[in-house]
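# Summary of structural features
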Amino acid sequence: MSDKTTNPIAFVAKGTIPPAPPPASQAGVVKWVRDNLFSSVPNGVLTLVALAVIYLLLQKTVPWLVNGVWTTSSLNECREVLDGRVGACFSVLTERWHQLLYGFKYPADQYWRPNLALVLLLVAAAPVLFFDLPRKLLIFTGLYPFIAFWLIWGGTIMAPIVALVGFVAAGAVFQIYGRGSFALGFFGGIATALIVWTLGGMLIPEGASDNAMLQAVPSRDLGGFMLNLMLGVTCVSLSLPLGIALALGRQSDMPLIKWICVVFIEFVRGVPLITLLFVASVMLAYFFPPDATVDLFLRVVIMITLFSAAYIAEVIRGGLAALPKGQYEAADSLGLDYPQAMRLIILPQALKISIPGIVNVAVGLFKDTTLVSVISMFDLVGMIRGPILASTEWNGVYWELLGFAAFLFFIVCYGISQYSQWLERRLATDHR
Amino acid sequence: MTGTSQMQVSDEVAITIDGMNKWYGSFHVLRDINLTVYQGERIVICGPSGSGKSTLIRCINALEEHQQGTITVDGTLLSSDLKNVDKIRSEVGMCFQHFNLFPHLTILENCTLAPIWVRKTPKKEAEERAMHFLEKVKIPDQANKYPGQLSGGQQQRVAIARSLCMMPRIMLFDEPTSALDPEMIKEVLDTMIELAEEGMTMLCVTHEMGFARQVANRVIFMDAGQIVEQNEPEAFFNNPQSERTQLFLSQILGH
Ligand SMILES: Nc1ncnc2c1ncn2[C@@H]1O[C@H](COP(=O)(O)OP(=O)(O)O)[C@@H](O)[C@H]1O
Ligand SMILES: [Mg+2]
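Residues numbered from 1 in each chain as written. Chains lettered and ligands numbered in written order. Predicted model: local features only at pLDDT ≥ 70, side-chain atom pairs only at ≥ 80, totals over all residues. Heavy atoms only, no water.

### A few points about the overall build of chain A
The secondary structure content of chain A amounts to 18 helices and 0 strands. Over its C-alpha trace chain A gives a radius of gyration of 30 Å, far above what one expects of a compact globule, namely 22 Å for 432 residues. Overall, chain A is about 110 × 80 × 40 Å in size when its C-alpha atoms are taken along their principal axes. Residue burial in chain A is summarised as follows: out of 432 residues, 38% are buried. Sequence separation of 24 or more characterises 68% of the internal contacts of chain A that already satisfy a separation of 6 or more. Distance from the positive charge centre (27 side chains) to the negative charge centre (25 side chains) of chain A: 10 Å. (Helix = DSSP H or I, 4+ residues; strand = E, 2+ residues; numbered from the N terminus. Rg over C-alpha atoms; globule rule 2.2 N^0.38 Å. Buried < 20%, exposed > 50% of the residue type's maximum accessible area, 1.4 Å probe, protein only. Contact = heavy atoms within 4.5 Å. Lys, Arg positive; Asp, Glu negative; His and termini not counted. Charge placed at Lys NZ, Arg CZ, Asp CG, Glu CD.)

### So, the domain arrangement of chain A
One can read the domain layout of chain A as domain 1 (161-213) and domain 2 (218-427). For domain 1 of chain A and domain 2 of chain A, the distance between their C-alpha centroids amounts to 25 Å. (Domains from an automatic or database assignment.)

### Things to note about the interface of chain A and chain B
Across the contact, 21 residues belong to chain A and 25 residues belong to chain B. For the interface between chain A and chain B, the tally reads 1 salt bridge. Between Glu329(A) and Arg58(B) there is a salt bridge; the shortest N-O distance is 2.7 Å. Counting the contacts that link chain A with chain B gives 6 residue pairs in polar contact (both at pLDDT 80 or more). Looking at the side of chain A that touches chain B, the element that brings in the most residues is helix α15 (residues 325-333) of chain A, giving 8 residues. (Salt bridge = Lys/Arg side-chain N within 4 Å of Asp/Glu carboxyl O. Polar contact = N/O pair within 3.5 Å; in protein donor to acceptor, adjacent residues only side chain to side chain.)

### Focus: the state of the cysteines
For the structure on display, the rule yields 1 disulfide over all chains. One disulfide bridge connects Cys78(A) with Cys89(A), the sulfur atoms lying 1.9 Å from each other. Between Cys78(A) and Cys89(A), the S-S dihedral sits near 70°, and the bridge is therefore right-handed. One end of the pair, Cys78(A), is in helix α4 (residues 75-82); the other, Cys89(A), is in the loop between α4 and α5 (91-95), with 11 residues separating them in the sequence. Of the cysteine sulfurs around Cys235(A), a residue in no disulfide, the closest is that of Cys413(A), at 14 Å. Left without a disulfide partner, Cys204(B) is nearest to the cysteine sulfur of Cys95(B), which lies 9.2 Å away. (Disulfide = S-S within 2.5 Å.)

### Comments concerning the sheet that holds strand β1 (residues 13-24) of chain B
Residue and element names in this part refer to chain B. What the 4 strands build is an open sheet, ordered β2-β1-β4-β5; its pairing is antiparallel. Sheet topology places β2 (27-38) and β5 (76-77) at the edges, where each strand pairs with a single neighbour. Summarising the sheet, strand β4 (residues 68-73) and β5 pair through 2 bridges and their orientation is antiparallel. For Val73, the partnering residue across the bridge sits in β5 and is Thr76. Contacting β1, β2 and β4, helix α1 (residues 53-60) crosses the sheet at an angle of about 125° to β1. (Pairing = 2+ DSSP bridges. Axes fitted to C-alpha atoms, helices over the stretch in contact; angles between N-to-C directions.)

### Remarks on the site of ligand 1
All names here are of chain B. Around ligand 1 sit Tyr24, Phe27, Val29, Pro48, Ser49, Gly50, Ser51, Gly52, Lys53, Ser54 and Thr55, and those are all the residues in its vicinity. With respect to ligand 1, the backbone of Ser51 contributes an N or O atom lying 3.2 Å from an oxygen atom. With respect to ligand 1, the side chain of Thr55 contributes an N or O atom lying 2.4 Å from an oxygen atom. In isolation ligand 1 offers 560 Å² of accessible surface; the protein chains occlude 59% of this area. Secondary-structure elements contributing two or more residues to the shell around ligand 1 are β2 and α1. Looking at the shell around ligand 1, the element that brings in the most residues is α1, giving 3 residues. Residues that form the shell around ligand 1 fall into these classes: 4 nonpolar, 6 polar and 1 charged. (Near = heavy atom within 4 Å. Areas by Shrake-Rupley, 256 points an atom, 1.4 Å probe, with all protein chains shown as cover. Nonpolar A, V, L, I, M, F, W, Y, C, P; charged D, E, K, R; others polar.)

### Remarks on the pairing of strand β6 (residues 92-95) of chain B
Residues and elements named next belong to chain B. Because side chains alternate across β6, one face comprises the buried residues Val92 and Met94, and the other comprises Gly93 and Cys95, equally buried. As defined by bridge partners, β6 adjoins strand β7 (residues 170-174) across 4 bridges and the pair is classed as parallel. Across the sheet, the residue bridging to Cys95 is Phe173, located in β7.

### With respect to the side chain of Gln142(B)
Residue and element names in this part refer to chain B. By the secondary structure assignment, Gln142 is in the loop between α4 (123-136) and α5 (152-164). Exposure remark for Gln142: the relative accessible area of 10% places this residue in the buried category. Not counting residues up to four positions away in its chain, the partners in contact with Gln142 are Ile107, Leu150 and Gln154.

Structure representation (structure tokens):
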């Protein structure tokens, strides 16, 4: 006892305390509800208000969904079946299913072709999206554009083969001469491709597509959600490399290149996409040789690609600017040349930083593909606004059709967003 | 004097800097630098902050351009010809104050990247060599971690190993210990001392005067873009000639 008074700090524990469960009021559902929903009076009120709003929404939509009619053949029949009850007329989706997905002109017995192209797309995209997969699969990814072109447009198989040969020849020229001088390899490659394509074009006999294995389908017959997917995939995969090139060009030491990139980016970002699409549909022909009839699909792809490339370039520029100067210096001091430093050190880090921004642009681009409906292309929205809503059977079915369109786009965009979050987690190496 | 300073210095010239001047815009950073470094020499460069020490050693591997005079490294004249620049950079290793490891690559990949891409060394050989140098800097067990998981001292030793993997004939150090906590400085200095004992030609910007006394065979003092004084460490520290050197030494050793 006297020890305690003289030395109040000294303390020795008497045995070990066994572990015990937390008190009931501090665990389980009760605690969760109290902490998260009713932690104070204002929070409790907000919770109740929110519940009321949710209830009102569900009260309207659930019967609408549950009572939905799927099998009638016009809006009037829907109304008869429903007989005054609240209910959706989903029959329009089942009846016009193929039109919504493929447009109204794609030959009905050929739907398997875009379907197969979509399945192959997943295979081709896998090694790009998930880089743990064997690298050999990239060969198929490289061939995919030509296969998909042939499947969807059909016609003579010579066309995609000539295109492929042109690319391969250009790549070979670049490999051989690009080592000595980048400019020689680059322009030599372009020239080679042009020569191969011109010669190949002359070799393909007139009318080769008439009796081809796959019936030729002109671009104006493409439509529906298929058209949105085609535009989205093509433009995203083209605008990413172009955006990288523009971003690097913008910080180039060579004034001419820098200027071209700056002017291009600033101009394209300053113009509404819809303007560019109108240019594509009516005016772009002026920029091509007079006798060349450039496909409308191609013109639209060019415009959307240029548009989103400018945005992606700015996103990537932000990523480049976020890298410490020391990374460039370390790469230089090890003797890496410019392409190596960019490819191995700078871009992997800058692109990683830019992932959220790039995904943002990609999602925006994909949704913007619906704008082609204003230049009379019949994509999903174009089909809905045009042939379907204008028909006597389905005039007035707005919620079901537009809700379906929103649902399709949501699935794809949500998928992209989930992928990007996975990618960010997968690439997180530096902040542990 | 320890044994290190008496180590062989050959009369083969590694670096010659002749009448070199450099400007940032109109600001004259380096003024009439003349310096000859022999193979196997260990040179410590010191001087007040902003005197141009970093700029000087960064000119040697062309991280900075100089506007007047010549720099010759290992017989190659440093000009704007990119071939020469790349050749010199692969012969000259450099360690930075902030390590500048590549955070997206593992330690091993950091060390094998340049040998594989610049020297075209087969991957397996590059990895073996990287492990050899990682053992030398005493962190072979961290090879598969990322730089962000290592302490500052460990990162700097990896940076040294990364440079050594290119088999450089010359090593440049720009304040390699200035960003480190005191207890980590020693491990990095020990690595550098070991390197010096093996006869590596070294130019080292540092304020570690103990290191300078033990390892250097020449100490250079810079001020306002000029080489003000250079001498053997013994004479430099015990008997500085210039007033500016005396002032600097009294400030740095005085406390
Ligand atoms: N990129 C640059 N542009 C303009 N001035 C610079 C630049 N880098 C360094 N300086 C200036 O050059 C001088 C020398 O810098 P530095 O070589 O880093 O000095 P030290 O390494 O001796 O501290 C300093 O006055 C600094 O402000
Ligand atoms: Mg410095």
